[in-house]
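Report on the structure
What follows is the residue order along each chain.
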Amino acid sequence: MKLLDEHICSLFKRHWRQTLTYWSVFFSFGLCIAFLGPTILDLRCQTQSTLQQITWVFFSQQLFLLVGSSVGGLFKKTLLSSLAALLSSTLIISLVFAIIPLCHHVVLLAITMALAGKAMGVIDTIANRQLVKLYQKDSAVFLQALHFFIGLGALVSPLVADPFLADDSCVLAANWTANSSSSSDLQHLRSSLSGHATTLHNISQYPLYTEGVVVTRVSYAFWIMALINLPVPAVVLALMYHERLLPCFNNSPRLLDKDSLSDTSPTQDSGQGDVSWFGCCNPAKLRGRPATFFILHALGGAILFITDGIIGSYAGFIYTYAISPPLLMGHKTAGYLNSVFWASITAGRLAFIYLSYKYTAPKLLTFSLVGVILVQCLLMIFYTSCVFLFIGTCVLGLCISSVFPSMLAFIEDIMDYKGCVTTVLVTSASTGEMMLQLIVGSMIQSHGSYAFLLCGTISSFIGFCLFMLLIYVQSIYRNCSAESSANMNMKEKPQTEGS
């Protein structure tokens, strides 16, 4: 029995160059998104800044990732502009890895990370959209694989960084032998800072000096990651060469035009797809659209706002929750929770590559969202069990891993691959990842660690209710679209008979 039928295999064989290119740029995305947490204390030493100052680097990256996701739609009009944007973005990420060791002031580091964040946002929007355009109704399988490569990159990045992280204080003051932070203290701080919006508590007990001799080898980690990422822009450049999109081939026919792509998606835009936020807001394109058209965009964006927000807040605060009462887990043991969560997300996306071929997107979304609710409720019931926290973390990662690619494939299919679906969903997900972490962090600070589980459970229920509403609205939208198509056919029939 074959895992995938001949149709899917033939599609991949036809478009393997483009597909592998988009998968590789998402590996670059994952590589860049995961390195900051483990290396933040060494970067604090490098910039000789305080812990409060260096955490602004997290915000800088996340804010400009949102900006990049929004402006990424500007580059989707043609294949040339899309690939050029991906080429420049992946080169920027390699450049960022190379110049981070040269940033000896926190402001310079924040600017550098803002540049990386914008490049990541552009990659996020363009790669998702181009893969959907390429495969259309068969895109669900390939989107699951696309998002698997984020997890793969996110797993590689900390592994590269780990051997070069300082075991003790990396800024040696005059009296460092008496008061320096121990290895366990630094490991505790690294785990606490694994999220992008973690609220800091009681850090004064750790003597983190800003003046003295800087002793850190983290520069080597960034240079290695820059080298690991270099093949990615080379892959994009190779695709541009193959498609005759480089300046020296402007007068030659493009190979893609010779392919028979009528049964899938044309690689170039026909002018009816989503070009950018500005195209989305064009009154001429929005005129005559039913209300359900806009409601579907809003509901899809809201669901991903919540689910990506759950991923971000869970990854950011699971360590803080584990070391707090009533669990009071050891720092080293609690530090594994974040790795277990991201590993289960990566494994889940790998498994859903096959499941998305066997089952429709609505069924997968129902399974995933119900699973998230059940896990969150069980975590609240067994809130005193350290063992169940590990089990729940693993199952939660598996369940929530496929929501974004499944939702993107589902909404794009409803909209017949027109409208502003990719830009709206990617931007909403990035916004939710940033905002929900801030909300959960403030709730933990004011109401205690149990608010972490409560916020996740409430968010899960809201997300599922919105999904049920989405199912209802999409049935209305499909009926309206079918009626309008029937009316158009009735109008065209008399004209044909009269001629």
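Remember, it's a predicted structure, so these values are computed and weren't measured experimentally. (Residues numbered from 1 in each chain as written. Predicted model: local features only at pLDDT ≥ 70, side-chain atom pairs only at ≥ 80, totals over all residues. Heavy atoms only, no water.)

Some thoughts on the overall build of the protein chain
Helices and strands together make up the secondary structure of the protein chain, namely 22 helices and two strands. Expressed as a percentage of the 499 residues in the protein chain, the buried residues total 54%. Contacts in the protein chain between residues far apart in sequence, at least 24 positions, make up 83% of those at least 6 positions apart. (Helix = DSSP H or I, 4+ residues; strand = E, 2+ residues; numbered from the N terminus. Buried < 20%, exposed > 50% of the residue type's maximum accessible area, 1.4 Å probe, protein only. Contact = heavy atoms within 4.5 Å.)

Concerning the packing of aromatic side chains
Counted under the stated rule, the structure contains 19 aromatic pairs. Judged by centre distance (6.0 Å) and plane angle (80 degrees), the rings of Tyr220 and Trp223 are edge-to-face. One end of the pair is Tyr220 and the other is Trp223, both in helix H11 (residues 218–229) and three residues apart, which spans about a single turn. The class for Tyr220 is partly exposed, based on a relative accessible area of 47%. Residue classification places Trp223 among the partly exposed positions, given a relative accessible area of 38%. A ring pair is formed by Tyr383 and Tyr450, whose centres lie 5.4 Å apart and whose planes are at 75 degrees; its orientation type is edge-to-face. With Tyr383 in the loop between helix H18 (361–381) and helix H19 (386–400) and Tyr450 in helix H22 (residues 450–498), this residue pair connects regions lying 67 residues apart in the sequence. In textbook terms, an aromatic cluster arises when at least three aromatic residues are bridged by ring pairs, as seen for Phe12, Trp23, Tyr135, Phe142, Phe148 and Phe149. The lysine or arginine in question, Arg244, covers the ring of Tyr241, its NZ or CZ lying 5.8 Å from the ring centre. (Phe/Tyr/Trp six-rings, centres within 6.5 Å; stacked < 30°, edge-to-face > 60°. Lys NZ or Arg CZ within 6 Å of the ring centre and 35° of its normal.)

Quick notes on the pattern of salt bridges
Counted under the stated rule, the structure contains three salt bridges. For Glu412, the salt bridge is made with Arg129, and the minimal N-O distance between the two is 3.1 Å. With Glu412 in helix H20 (residues 403–414) and Arg129 in helix H7 (residues 106–135), the pair connects residues that are 283 residues apart, well separated along the chain. Relative accessible area serves as the criterion here: at 1%, Glu412 is assigned to the buried category. (Salt bridge = Lys/Arg side-chain N within 4 Å of Asp/Glu carboxyl O.)

Topic: H18
In an α-helix there are 3.6 residues to a turn, and that puts residues three or four apart on one side. End to end, H18 covers 30 Å across 21 residues, agreeing with the expected 30 Å (1.5 Å per residue, within 8%). Taken residue by residue, H18 has Ala361, Leu364, Leu365, Ser368, Leu369, Gly371, Val372, Ile373, Val375, Gln376, Leu379 and Met380 as its buried positions. (Expected span 1.5 Å × (residues − 1).)

Re a nonpolar patch on the surface
Nonpolar side chains collect at one region of the surface, where Trp56, Phe59, Leu63, Phe64 and Val67 lie side by side and expose about 440 Å² of accessible area between them. With respect to the helices and strands, Leu63 occurs in helix H5 (residues 56–71). Assessed through its relative accessible area of 30%, Leu63 is described here as partly exposed. (Patch = residues over 30% accessible without salt bridge, like charges linked within 9 Å, V, L, I, M, F, W, Y side chains within 5 Å. Areas by Shrake-Rupley, 256 points an atom, 1.4 Å probe, with all protein chains shown as cover.)

Structural notes on the confidence of the model for the protein chain
Per-chain confidence: the protein chain averages 81 in pLDDT, with 77% of residues scoring 70 or above. The least confident element of the protein chain is helix H13 (residues 255–258), whose mean pLDDT is 44; the most confident is H18, at 96. In this model, residues 255–278 is a region of pLDDT below 50 whose contacts with residues beyond four sequence positions or in other chains number 62 contacts. (pLDDT = per-residue confidence, 0-100.)

Concerning the environment of Leu408
Relative to the helices and strands, Leu408 is located in helix H20. Taking relative accessible area as the criterion, Leu408 reaches 0% and is therefore assigned buried. Taking the C-alpha atoms as reference, Leu408 lies 9.2 Å from Arg129; in sequence the two are 279 residues apart. Dropping the residues within four chain positions of it, Leu408 is found in contact with Asn128, Val132, Leu143, Val421, Thr422 and Leu425.

Describing the packing of helix H17 (residues 331–358) against H18
Running from amino to carboxyl end, H17 crosses H18 at an angle of 135 degrees, the nearest separation of the two axes being 9 Å. On the basis of their axis angle, the class for H17 and H18 is oblique. Facing Phe352, Leu355 and Ser356 of H17, the residues of H18 in contact are Leu364, Phe367 and Ser368. Split by residue class, the contact of H17 with H18 holds four nonpolar, two polar and no charged. (Axes fitted to C-alpha atoms, helices over the stretch in contact; angles between N-to-C directions. Parallel < 35°, antiparallel > 145°, perpendicular 65-115°, else oblique. Nonpolar A, V, L, I, M, F, W, Y, C, P; charged D, E, K, R; others polar.)

Notes on the packing of H17 against H19
For the pair H17 and H19, interaxial distance at closest approach is 7 Å and the crossing angle is 30 degrees. The angle between the axes of H17 and H19 places the two elements in the roughly parallel class. Of the two possible hands of crossing, H17 and H19 adopt the one that is right-handed. Seen from H17, the contacting residues are Thr333, Tyr336, Leu337, Val340, Phe341, Ser344, Ile345, Ala347, Gly348 and Phe352; seen from H19, they are Leu389, Phe390, Thr393, Cys394, Leu396, Gly397 and Leu398. In the contact of H17 with H19, the residues fall into 12 nonpolar, five polar and no charged. (Left-handed = near helix turned anticlockwise from the far one by under 90°.)

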